[in-house]
Number of protein chains: 4
Amino acid sequence: MIRVAIIGAAGLSGLELIRILTHHPMAELRVVTSDRHAGKRVGDAFPELSRVELVFSSHDAKLEGCDVAFLAIPNQASLEQAPRLLKQGLRVIDLSGVFRLADPDVFRTHYGLEHTAPRELREAVFGLPEAFRARIPKARLIANPGCYPTGALLGLLPLGDLLGGLAAPPIIDAKSGVSGAGGRVEDDATNFMEVNENFKAYKVFGHQHTPEIEQYLAECTPYAPARDGAVVFTPHLLPIGRGILSTIYLRFARPLEPEAVRRRFAAFAEREPFVHLLAAGRGAEVKMVQGLNDCVTSLHHDAEARSWVVITAIDNLGKGAAGQAVQNMNLMFGRAETEGLV
Amino acid sequence: MIRVAIIGAAGLSGLELIRILTHHPMAELRVVTSDRHAGKRVGDAFPELSRVELVFSSHDAKLEGCDVAFLAIPNQASLEQAPRLLKQGLRVIDLSGVFRLADPDVFRTHYGLEHTAPRELREAVFGLPEAFRARIPKARLIANPGCYPTGALLGLLPLGDLLGGLAAPPIIDAKSGVSGAGGRVEDDATNFMEVNENFKAYKVFGHQHTPEIEQYLAECTPYAPARDGAVVFTPHLLPIGRGILSTIYLRFARPLEPEAVRRRFAAFAEREPFVHLLAAGRGAEVKMVQGLNDCVTSLHHDAEARSWVVITAIDNLGKGAAGQAVQNMNLMFGRAETEGLV
Amino acid sequence: MIRVAIIGAAGLSGLELIRILTHHPMAELRVVTSDRHAGKRVGDAFPELSRVELVFSSHDAKLEGCDVAFLAIPNQASLEQAPRLLKQGLRVIDLSGVFRLADPDVFRTHYGLEHTAPRELREAVFGLPEAFRARIPKARLIANPGCYPTGALLGLLPLGDLLGGLAAPPIIDAKSGVSGAGGRVEDDATNFMEVNENFKAYKVFGHQHTPEIEQYLAECTPYAPARDGAVVFTPHLLPIGRGILSTIYLRFARPLEPEAVRRRFAAFAEREPFVHLLAAGRGAEVKMVQGLNDCVTSLHHDAEARSWVVITAIDNLGKGAAGQAVQNMNLMFGRAETEGLV
Amino acid sequence: MIRVAIIGAAGLSGLELIRILTHHPMAELRVVTSDRHAGKRVGDAFPELSRVELVFSSHDAKLEGCDVAFLAIPNQASLEQAPRLLKQGLRVIDLSGVFRLADPDVFRTHYGLEHTAPRELREAVFGLPEAFRARIPKARLIANPGCYPTGALLGLLPLGDLLGGLAAPPIIDAKSGVSGAGGRVEDDATNFMEVNENFKAYKVFGHQHTPEIEQYLAECTPYAPARDGAVVFTPHLLPIGRGILSTIYLRFARPLEPEAVRRRFAAFAEREPFVHLLAAGRGAEVKMVQGLNDCVTSLHHDAEARSWVVITAIDNLGKGAAGQAVQNMNLMFGRAETEGLV
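Reading guide: rules and limits
- Residues numbered from 1 in each chain as written.
- Chains lettered and ligands numbered in written order.
- Predicted model: local features only at pLDDT ≥ 70, side-chain atom pairs only at ≥ 80, totals over all residues.
- Pairing = 2+ DSSP bridges.
- Helix = DSSP H or I, 4+ residues; strand = E, 2+ residues; numbered from the N terminus.
- Contact = placed C-beta atoms within 7 Å.
- Axes fitted to C-alpha atoms, helices over the stretch in contact; angles between N-to-C directions.
- Parallel < 35°, antiparallel > 145°, perpendicular 65-115°, else oblique.
- Nonpolar A, V, L, I, M, F, W, Y, C, P; charged D, E, K, R; others polar.
- Least-squares fit on C-alpha atoms with pLDDT ≥ 70 in both.
- Domains from an automatic or database assignment.
- Expected span 1.5 Å × (residues − 1).
- Bend = angle between axes of the 7 residues up to and from the residue.
- Buried ≥ 20, exposed ≤ 12 C-beta atoms within 10 Å, placed from the backbone.
- Core = buried A, V, L, I, M, F, W, Y, C linked by C-beta atoms within 7 Å.

Colleague: Summarise the sheet that holds strand β6 (residues 141-143) of chain D; cite the residues concerned and give the values.
Modeller: Residue and element names in this part refer to chain D. Reading across the sheet, the 6 strands line up as β2-β1-β3-β4-β6-β5 and stay open at both edges, with parallel pairing between neighbours. Each end of this open sheet is capped by a strand with a single partner; those strands are β2 (27-33) and β5 (125-126). Direction of pairing for strand β1 (residues 2-7) relative to strand β3 (residues 68-71): parallel, over a ladder of 4 bridges. Across the sheet, residue I7 finds its bridge partner in β3, namely L71. Packed on one face of the sheet, helix α3 (residues 75-87) meets β1, β3, β4 (91-94) and β6 and runs near 160° to β4.

Colleague: I'd like a rundown of the packing of helix α7 (residues 147-156) of chain B against helix α11 (residues 318-332) of chain B, residues and numbers included.
Modeller: Residue and element names in this part refer to chain B. In contact at an axis separation of 8 Å, α7 and α11 are set at 100° when each is read in the N-to-C sense. Considering their axes alone, α7 and α11 lie roughly perpendicular with respect to each other. Residue-level inspection shows C147, T150 and G151 of α7 in contact with α11, the latter providing K319, G320, A321 and Q324. Across the contact of α7 with α11, the residue classes tally to 2 nonpolar, 4 polar and 1 charged.

Colleague: Let's hear about the relation of the copies chain A and chain D: which residues, and what values?
Modeller: Between the two copies, chain A and chain D, the superposition gives an RMSD of 0.0 Å; the rotation angle is 180° and the shift along the axis is 0.0 Å. When the rotation and shift are considered jointly, the pair of chain copies conforms to a two-fold rotation axis. Looking at chain A, 100% of its interface residues are interface residues in chain D too, so the copies touch through the same face.

Colleague: Could you give an account of the interface of chain D and chain B, naming the residues involved and the relevant values?
Modeller: One frequently used descriptor of interface size is the decrease in accessible area upon assembly of the parts. On the side of chain B, 12 residues touch chain D, which itself brings 12 residues to the contact. Looking at the side of chain D that touches chain B residue by residue, the class counts come to 5 nonpolar, 2 polar and 5 charged.

Colleague: If you had to explain the domain arrangement of chain A to someone new, which residues and values would you point to?
Modeller: Residue and element names in this part refer to chain A. Splitting chain A by domain gives domain 1 (2-123) and domain 2 (148-316). Centre-to-centre separation of domain 1 and domain 2, based on C-alpha positions: 27 Å. Contacts between domain 1 and domain 2 engage 9 residues on the former and 7 residues on the latter. For the side of domain 1 that touches domain 2, the class distribution of residues is 5 nonpolar, 3 polar and 1 charged.

Colleague: Let's hear about the sheet that holds strand β6 (residues 141-143) of chain B: which residues, and what values?
Modeller: Within a beta sheet, neighbouring strands are joined by backbone hydrogen bonds and run either parallel or antiparallel to one another. All names here are of chain B. Spatially, 6 strands are ordered β2-β1-β3-β4-β6-β5 in an open sheet, and the strand pairing comes out parallel. With partners counted over all chains shown, the strands left at the sheet margins are β2 (27-33) and β5 (125-126), one partner each. Relative to β2, strand β1 (residues 2-7) runs parallel, the two sharing 6 bridges. Bridge assignment links V4 to a residue of β2, and that residue is L29. Running at roughly 160° to strand β4 (residues 91-94), helix α3 (residues 75-87) makes contact with β1, β3 (68-71), β4 and β6 of the sheet.

Colleague: Which residues make up unusual backbone geometry, and what are the values?
Modeller: Positive phi values are uncommon outside glycine, yet A305(C) reaches one of about 65°. Along the chain, the position of A305(C) falls in the loop between β12 (295-301) and β13 (307-314). Located in the positive-phi region is F205(D), a residue other than glycine, with phi close to 55°. Mapped onto the fold, F205(D) is located in the loop between β8 (200-201) and α9 (209-220).

Colleague: Break down the interface of chain A and chain D for me, with residues and values.
Modeller: Across the contact, 39 residues belong to chain A and 39 residues belong to chain D. For the side of chain A that touches chain D, the secondary structure elements donating two or more residues are β7 (171-176), β8 (200-201), β9 (232-237), β10 (244-251), β12 (295-301) and β13 (307-314) of chain A. Of the residues forming the side of chain A that touches chain D, the biggest block, 4 residues, is contributed by β10(A). The residue makeup of the side of chain A that touches chain D, split by class, is 19 nonpolar, 10 polar and 10 charged.

Colleague: Break down α3(D) for me, citing the residues and quoting the values.
Modeller: Residues and elements named next belong to chain D. Look at α3: 19 Å from first C-alpha to last across 13 residues, which is about the 18 Å you get at 1.5 Å a residue. Taking the largest bend as the criterion, α3 deviates by roughly 25°, centred on Q81, and proline P83 comes between one and four positions later. What α3 keeps buried is the set S78, L79, Q81, A82 and L85. Contacts from the buried residues of α3 go to β1, β3, β4, α5 (118-123) and β6. Two residues or fewer after α3 comes G89, characterised by a positive phi angle close to 95°.

Colleague: Before we move on, can you summarise the nonpolar core with the specific residues and values?
Modeller: With 449 residues, the main nonpolar core has A69(A), A69(B) and A69(C) as its most contacted residues. The contacts of A69(A), once residues within four sequence positions are left out, are A5(A), I7(A), L63(A), L85(A), L90(A) and V92(A).

Colleague: Which residues make up the pairing of strand β10 (residues 244-251) of chain D, and what are the values?
Modeller: Residue and element names in this part refer to chain D. Most of β10 sits out of view: 8 of its 8 residues are buried. Neither face of β10 is exposed, since I244, S246, I248 and L250 on one face and L245, T247, Y249 and R251 on the opposite face are all buried. Two strands pair when backbone bridges link them, and strand β7 (residues 171-176) and β10 are joined in this way by 6 bridges, in the antiparallel orientation. Of the residues in β10, the one forming a bridge with A174 is S246. As defined by bridge partners, β10 adjoins strand β13 (residues 307-314) across 8 bridges and the pair is classed as antiparallel. Each bridged residue has a counterpart across the sheet, and for L245 the counterpart in β13 is A313.

Colleague: Describe the relation of the copies chain D and chain B, with residues and values.
Modeller: Mapping chain D onto chain B calls for a screw motion: a turn of 180° about the axis and a shift of 0.0 Å along it, with 0.0 Å RMSD after fitting. When the interface residues of chain D are mapped onto chain B, 100% of them again fall at the interface, so both copies present the same face.

Colleague: Talk me through the pairing of β13(A); I want residue IDs and the actual numbers.
Modeller: All names here are of chain A. Counting buried positions along β13 yields 8 of 8 residues, so the element is predominantly enclosed. Burial of β13 is two-sided: the residues S307, V309, I311 and A313 facing one way and the residues W308, V310, T312 and I314 facing the other way are all buried. Note: β12 against β13, 7 bridges, orientation antiparallel. Paired with L299 across the two strands is V310, which belongs to β13.

Next up, the structure:
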C-alpha cells in the first residue's frame, strides 16, 4: 500500500483527493490536514464524504510512516513545505504553481514571490504524464500542472512537429468553472452574485499560466518563438462549478492534410489512457469529463485547412488537479497508471 | 421634484434604487454614497448604469437640500444614521431591520443589538402599503419591510378574518435568491461553490424575520396566538440571483368555501396595484416578478378545502426592498403610488 | 456474477445505472437497450462513459442469460414489459410508477392508465429497503420507489409511533432538480429558459406521488387518516440538475421530548447504511448527496417542541432511482447491501 | 405616435419587443400576434407583463392602420410575410436572417432555403446603425442584424483602416446565453439537462452568422480577403439566459501604437450612444449589458502590441435583437435614436 498524506485537505482539490484516494485500491490515506477543521472527523465536516472516518490534523501534523504527500496549499506554503517534507524522506506531489516555471525571474513576475527553493525547483518533474511519463517514476518532487496548461498542452502536443508550421501564435481561449478559479475563497470575485448569469474574461494577457504553457510547449515541440508572446491565452470564468473548455486556434503557413492530422491526433489518443478524440463533426463538452480524469478532444478545420480549432475538455479538479496528481502517484509507485481513476 | 439621497448606494439594494430612481419622473437623485467607491462616477464603477453621471460621495456626505434619504446600510449603521438624518429635517426610508420590531427585547434577541433609538422606533411606520397605506403619507420614518415578511404577509393578509379559523400555525416555506440573503458580501455562505447546484434551508426556527411576520400578522388579522411560535417560517437559499417564492400552508378547523375565498383574494388583488392573483390552476413563479415591484400570487386547496396553499412570488430587490421603498416614497410625497414603478 | 440488462439505458436513470453497474464488483452488464442509439457503442454515444464498450441494442433485444432486468422506461412500456420479462424467468426492478400503488382506481386517477397487470401488481414489493428489507430478497418484481416518496418516507418513517400524535396532516414541501422532473425530455417545461433563474411549484395538490406517500405511510406507521388528504405534498422545480430537498412539517397535539425524538431518529440512522442524521444545528443540503445513494437528514423543532421540521436530502437519480435500484439488486441476490454503492 | 405591430410576439424576441415598446413614449402597440396564444390577453399569458391589456391575434391578423411591423418569426415565415406586408404599405423590421446576406447562393448554403424575395433582398438595409445610420431613415425594409454579427462587428468596425494590416483572419470566439441560441424551442439542445453545468462550442466552422460577419466586414473596412475563411467564428453555448461575450483576436503584421488604437476606439464609442469603452485594465462582462441596448467593449494587447484582443458584451435580446430593432424604428421614424431605450 502507498501511505499517503494530504496537506490542505479541506480545500476543493484536497477534498477531491480524499474522494479519489478512499476508493483507490492501493492507497492508504493516513493523514489529512486542515487548520480550520483540525480535530473533526472528515465525514462530519463534509457529509458528502460521510464514510471517511479519518480525522483532520493541523498543518504541522507528523507525517512519519507516509510515503508521499500531496500539497494542496497556497503557493507560499508549498514553497516552504515541499523542501521540508523532501528532507524528511517523503516524496511530494505539489499542486501549487511554485515548481513549474524553470526561470525564477519569470516566476517572480507572475507569482510575486521570491523563489526560495531553487534546488528543489531544478529537481522537480512537470507531472504531465502525456509529455514526461518517463521521468515521473523516479521523481521525488512532482510539479502537478496547472489546470489551464493541462487543457492547452493536451490539445497542442499531439500535433507535435506540425506546430513548426504555425503562421501566428496559437490562441487559447479557455473557459473555466469556478472551482478552477479560486472557489471556496472568501473573495468577492467568486461570490454567487458576481458569477451567476455572468461571463467575463480575466487577467487578459496577464495570467500566470501563460509562461507555463509557453515553457512546456517550447520543451516539447518545435514551436519556439520569442518566449513572451509565444501563445495568446485568455481565461474566462464560467458560471459552473467544474470543467474547463479550451478552444485552441491555430493558423498555419500552408494548408495541412486533414486526414493526416486526424490520424496523428488519433494515434496520440490511442496511446494515452486518459485522452479521447471525438469523431469528426462532434465537439468536446465539459459535461463529458466532469468528475473524471479524462481529457476529451475534438478537431475542426476550415475549408482550406489552414485555420484549425482544437477543443479540449477537462475537469479542472480531475485531470486539472487531483486526478492528475493521483495519476502521477500511480506512476511514481509503479502502479497501473489508471488505477483508482477509471 | 423629490430630492433624494441614497446612503449605501453601491450595495445590491442601493444599485436597484439608483436604477429605479434615475427613471422616476419626479425624483431627482442628488447624493449617492459609498465609502468604497467615493469619488468615482456611478457609470464607471458600474457599467450597467453607464449613463448615470452622479459621483459617489463618502458616507459622511452633506445632505442639505435633500427631502428624503434611503438607508441601504447595515443594521448598526441605520440605527445611528436614521436619528441623525431625521434631526436634519430629512424624511427617512430605512431598508434595514432596525425599525420594524416594536419590542426591543425581541429585537435584541434576533439582531444581537441594543436598540438605541427607541423614540424613532415608536414613530416608525411599517412601509407595507397594502396594510398601512393610510399612515405612510405623514410618516417621517419608514421601516421598509423585510423581503420574507413582504412575501409572507401579502399571501396572508388578503385572507383577513378567515385566519381566525386556523387549526395550526401557518407554515411559510420560503425560497430566496442569493441577493436576498446577503449577496456581494465577502462571505463563504454566498460563494458560488456553496450555492450553485445546491439547495438548503438555513436558520430553521431562528430567522429574524419570524417575529416581524408574527407581529404584523397579529396587528392586521384576528390570528394572534402566543407570539413565539405563531408562525413556522423556514427560509431556503435558491441558486438564482433574484426572487422569493413563498409556499404558505394553512390548515383550517373546518372547510372553507373555495369560491368565497377566491373572491376575497381577488378583491384584494383588484384594489392593490402591485398584487396579482393568477387564475385557478396556475401557480406563481419567480420569473413573473423579476425586476418588478409586483407580487404574483396563486391559491390552491385540497379536495376537502381544509388544507390550503397560498404561493407568492416577489423580487426580493423589488417589492422586497428597493421597489417597495420607492412605492413608499411615492405615498410620502403625494405622488401616484405606481409612478416610476410600472 | 449477477447478469444484468437495462431496458431504456440511454435516459438519465439508465445512464446512471450504467455508471454504477460498470463499477459494481459483482454485476456483469450484458444488455443495454435504446432504440435511439441502437447499434452505437455506449462510450461513443456518451463520451462521459468513454470506457464502456457495450453496444446499445434495440428494445426488443433478447435477454437470454440475464438474471435481472432494470426497467427505466415510460409507465406504459413498463406495464407491458414487466409481465413479459417475468414470464421469461427474469427478475425485474421497475423504476416506473406502475407497480407502486395497490389500488387500481387510484392508479387510474393519477396515471391516466388502466392497470393491465393486476397479478404482477399484487406480487410487487415496494423497494424501499429501510421499510421492506425483509421482503426484497425473495421478490421477483421490485417496484422501485418514486424519488419524492423516498425523500418523504425516509424523513417520516424513523418517527414511527410518534406520528400517531399528529394534530394535522404532515406537509412535505419538496424541491427537486430537473433530472427528477423529466429531464432530457423534449418538453417546454424543462427548457433551460423556463427553469434557469426561475423557481415554481407544480401539480399542487395533484402530483401522482402523493398517494404513494400516503399508502406506505399508512402501511408503516400508525398515522392513517382518511387516505385522500392524509399528507399535503407540494413539489417544486429547482434550477439544478440533481438532488431533492424535502422540508417536512409536523404539528403534534402535544410537545415531544426533543432528546427522545433525536435518539429514535439517530437509532434509525445508525441501523441504516444509507441514512445519515446531522448533528443538531446543522441542516441537510443537496450537495451532501449528489452522485451518492445516501439520504442525509436533519431534525429541527420550535421552542415548545410541538412544531417539527425534518429535512431530507437525496439525489433523485441516486437514492431516488438508480442507486436505490442497485441497492435492491444487492438484496435480491444476497450481496452486501452497500456493494458497489459506497 | 408610431403605430406598431409585432408578428410573432410570444417568442423571446417578441416578448422583449412588447416590454420595450409598452414603455416607449412614441410607440403605440396595436397588434401582437401569436397563433398559440391567440385570443388571450398578453398580461394573462405572461404575468411578467401583467399590465399589458392587448390581446394576442393570430398570425393572419389585419394590420390596417399600422405604420411598421416587427417580424420575430422563423426564417421561412419572414420570407413570405415581409413582401406581403411591404405591399400593404407597412414598413418592416425583420429579425430573421433572410434579408441579411446579399448573395442568394451563400444564403441557400447556410439557411437551406431558396430565396423567393430577391427584390426585397436588394432593397433591404442592414440595421446596424453604427455602420449604416444614413440609410436607415428611408428604408422600407430593415434586416435587423444577427446577435453574433452585432457583437463581432461592434468590436471590429471601430478599428476601421487598421484592419488592413491584419496578418491572419480575425478570430471571434463568441459565447452566448441560451436565449440567443433558440430558447423556448422544444429542442433537446436547449433542455436544461443539456445546458446546465455544461459548456460547448457548436457549428464550428459552420454557423450561418459567419458569412454575415464576413460580408459587412468587407463592406465597411479594408479587410477583404477571399470571402470564405475571411473570419474564424466559433459560437459557444453558455449556461445563462441572456448575453453574448465575444472575445475577438487580432494579429497584425506589425505592432500598433496602443494609445492611437485606444483613441480611435474611444472616439467611436464617444460618437455612438450605445457603445461604451471600458478604461484600460478592465474587461467587458455580460452582466454590464443584460436588459439593455448597450454594447460594452474592452481593449487588450500583448507586450509587443501585435496581438490584440477586443471584447464586446451585448444582450442578445437587446442590442442583439429587440433593442436594436427599436433603435432602427426610432431612426426610421425620425425619433431620437435612444428614445425608449435608455
